[in-house]
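Listed below, chain by chain, are the residues.
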Amino acid sequence: MTDIENIIGREDLDDLEAILSVSNSDMQSTISIVEDNSDAIFTWNYEKGERPALNKLYEKAKTSMWNGETDLPWDTEVNPEEVVINDMVAQQGMGVSFADFDVAGTPFEKWTELEWLKLGVESNNWTLSQFMHGEQGALICTAKIVETVPWIDAKYYASTQVMDEARHVEVFAKYLDTKMDGYYPVNAHLKMLLDDIVSDSRWDMTYLGMQIMVEGLALAAFGFMHMMTTEPLLKQLLRYVMSDEARHVAFGVLSLKEYYADLSDAEIFERQQFAFEAAVRMRDRFLQQEVWERMEVPVKEAITIVSQTPTRQMFQMMLFSKIVPNCKKLGLLDRNDAWLRRRFEELNVIQFEDLTDTSDEFEKFALSSEELGQTA
Ligand SMILES: [Fe+2]
Ligand SMILES: [Fe+2]
């Protein structure tokens, strides 16, 4: 068995059959139990500010809290169909809308406007649902970091992130519940990744999986949706969530930079493999297989057509625009004969390596005191 097959369970990255064979078997149950395998670590060193960058983030987090109930315009009327139409009009000609597809000779050929509309609504619902489930993953992972990280500055910071993530789950759940028609269950690839992250016993793997990979992708995906949506409540919700996420990714980069500097090649290799596995799981989940099932079109055929469109390929690559520079900053790309660099080349995302990493980008995303409703 090759390295790659060992890690992701298939040899060919694009083996659609293998990707679609993974499905969510645990949809009926309200809870899901995952072994967490870690030791809780006390520290008796209470010296605050030993890690100044983490301390700065912690102080910043304390003054950046917002209230999901009162700081967002929940009285905004949202009609999901109208949102799809407005978004399509706004995006016309940008190559991002289904209206720009050439559907001749495909199962979409006979679709009426109504079906395109339904696809738009389902797709938005699915995307927001997976964001919500990912946010719960972040909530659990960050609570775990509070227990397992050995540094007091990191425990302090992580505790603020727990609060942030609770707020994120809360606002996505409220949006789906009150503005859309319920939510999709967690996607199987996302759940597999979240389970892997939560069950790993090593504290830095929680950071690598969550803060670097999942949140790095979320920051890019939220940014894309924030730019594209015409719905004012969702736009503001994403803006507020992103202001927190940028801090979270910085927390991951700053913590792991210090820790990874002293790891051996063998230890780094395990981190490189973990990062690659996470990248593939996230790429697989964005195929939205559950949406095609609900639309009652042949899933494999639909995905094959959609994946070949330039828009889809651009979107898929763009999701890695934060992850790749952050992995580079952590020294993960080039150790062990550039193993992760070669994997990112195969995923066609290496071109992002020299974009700015996210260690201080949070300043750019920060909410103003007006947005936070604070008076000077
Ligand atoms: Fe979050
Ligand atoms: Fe986060």
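Residues numbered from 1 in each chain as written. Chains lettered and ligands numbered in written order. Predicted model: local features only at pLDDT ≥ 70, side-chain atom pairs only at ≥ 80, totals over all residues. Heavy atoms only, no water.

On average, residues of the protein chain carry a pLDDT of 91, and 96% of them reach 70 or more. No element of the protein chain has a lower mean pLDDT than helix α13 (residues 310–318), which averages 79, and none a higher one than helix α6 (residues 152–179), which averages 98. (pLDDT = per-residue confidence, 0-100. Helix = DSSP H or I, 4+ residues; strand = E, 2+ residues; numbered from the N terminus.)

A few words now on helix α7 (residues 188–199). With 12 residues, α7 should cover 16 Å at 1.5 Å per step; its first-to-last C-alpha distance of 16 Å lies within 8% of that length. Among the residues of α7, those classed as buried are Ala-188, His-189, Leu-190, Lys-191, Leu-193, Leu-194, Ile-197 and Val-198. Along its buried surface, α7 packs onto α2 (16–20), α5 (113–148), α8 (203–228), α10 (265–285) and α11 (289–294). A distance of 2.8 Å separates the backbone nitrogen of His-189 from a side-chain oxygen at the start of α7, and that oxygen is part of Asn-187. (Expected span 1.5 Å × (residues − 1). Buried < 20%, exposed > 50% of the residue type's maximum accessible area, 1.4 Å probe, protein only. Contact = heavy atoms within 4.5 Å. Polar contact = N/O pair within 3.5 Å; in protein donor to acceptor, adjacent residues only side chain to side chain.)

Two elements in contact, helix α3 (residues 52–62) and α6, have axes whose closest approach is 9 Å; the angle formed by their N-to-C orientations is 30°. The angle between α3 and α6 places the two elements in the roughly parallel class. By crossing handedness, the relation of α3 to α6 is classed as left-handed. The residues of α6 that touch α3, namely those facing Leu-54, Asn-55, Leu-57, Tyr-58 and Ala-61, are Asp-153, Ala-154, Tyr-156, Tyr-157 and Thr-160. Here the contact of α3 with α6 is built from residues that sort into seven nonpolar, two polar and one charged. (Axes fitted to C-alpha atoms, helices over the stretch in contact; angles between N-to-C directions. Parallel < 35°, antiparallel > 145°, perpendicular 65-115°, else oblique. Left-handed = near helix turned anticlockwise from the far one by under 90°. Nonpolar A, V, L, I, M, F, W, Y, C, P; charged D, E, K, R; others polar.)

A word on the environment of Glu-363. When you line up the elements, Glu-363 lands in helix α16 (residues 362–365). Considering only alpha carbons, one finds Glu-363 and Ala-246, 117 residues apart in sequence, at a separation of 8.4 Å. Only 3.1 Å separates the side chain of Glu-363 from the side chain of Lys-56, close enough to count as a polar contact.

This paragraph deals with the coordination of the iron ion (ligand 1). Taken together, the protein donors to the iron ion (ligand 1) comprise Glu-135 (OE), Glu-165 (OE), His-168 (ND1) and Glu-245 (OE), at separations of 1.9 to 2.2 Å. The site at the iron ion (ligand 1) holds four donor atoms, and with the angles between them running 86 to 144°, its shape is irregular. Site description for the iron ion (ligand 1): donor spacing in sequence, E-x29-E-x2-H-x76-E. The distance between the iron ion (ligand 1) and the iron ion (ligand 2) comes to 3.0 Å, and Glu-165 binds to both of them. Here Glu-245 lies in helix α9 (residues 232–260) and His-168 lies in helix α6, a separation of 77 residues in the sequence. Taken as a pair, His-168 and Glu-245 share a single burial class, namely buried. (Donors = N, O, S within 2.8 Å, 3.2 Å for Na, K, Ca; no water. Tetrahedral: all angles 85-135°; square planar, octahedral: opposite > 155°, others 65-115°.)

Relative to the assigned elements, Asp-153 resides in helix α6. Among the polar contacts made by the side chain of Asp-153, one reaches the main-chain amide nitrogen of Gly-49 at a distance of 2.9 Å. Within polar-contact distance, the side chain of Asp-153 engages the backbone nitrogen of Glu-50 at 3.0 Å. In this structure Asp-153 touches Glu-47, Lys-48, Gly-49, Glu-50, Arg-51, Leu-54 and Asn-55, once residues within four positions along its chain are discounted.

Here the structure, examined in full by the defined rule, presents 30 salt bridges. The residue Glu-59 makes a salt bridge to Lys-48 at a minimum N-O spacing of 2.7 Å. On the criterion of sequence distance, the pair formed by Glu-59 in helix α3 and Lys-48 in the loop between α2 and α3 is long-range, its members being 11 residues apart. Accessibility expressed as a relative area gives 32% for Glu-59, which makes it partly exposed. Put simply, Asp-244 and Arg-247 hold a salt bridge, and the shortest N to O gap is 2.9 Å. Here Asp-244 pairs with Arg-247, and both are found in helix α9, just three residues apart, close to one helical turn. With respect to burial, Asp-244 and Arg-247 carry one shared label: buried. One network of salt bridges, with partners in common, ties together Asp-200, Arg-202, Asp-204, Glu-270 and Arg-271. (Salt bridge = Lys/Arg side-chain N within 4 Å of Asp/Glu carboxyl O.)

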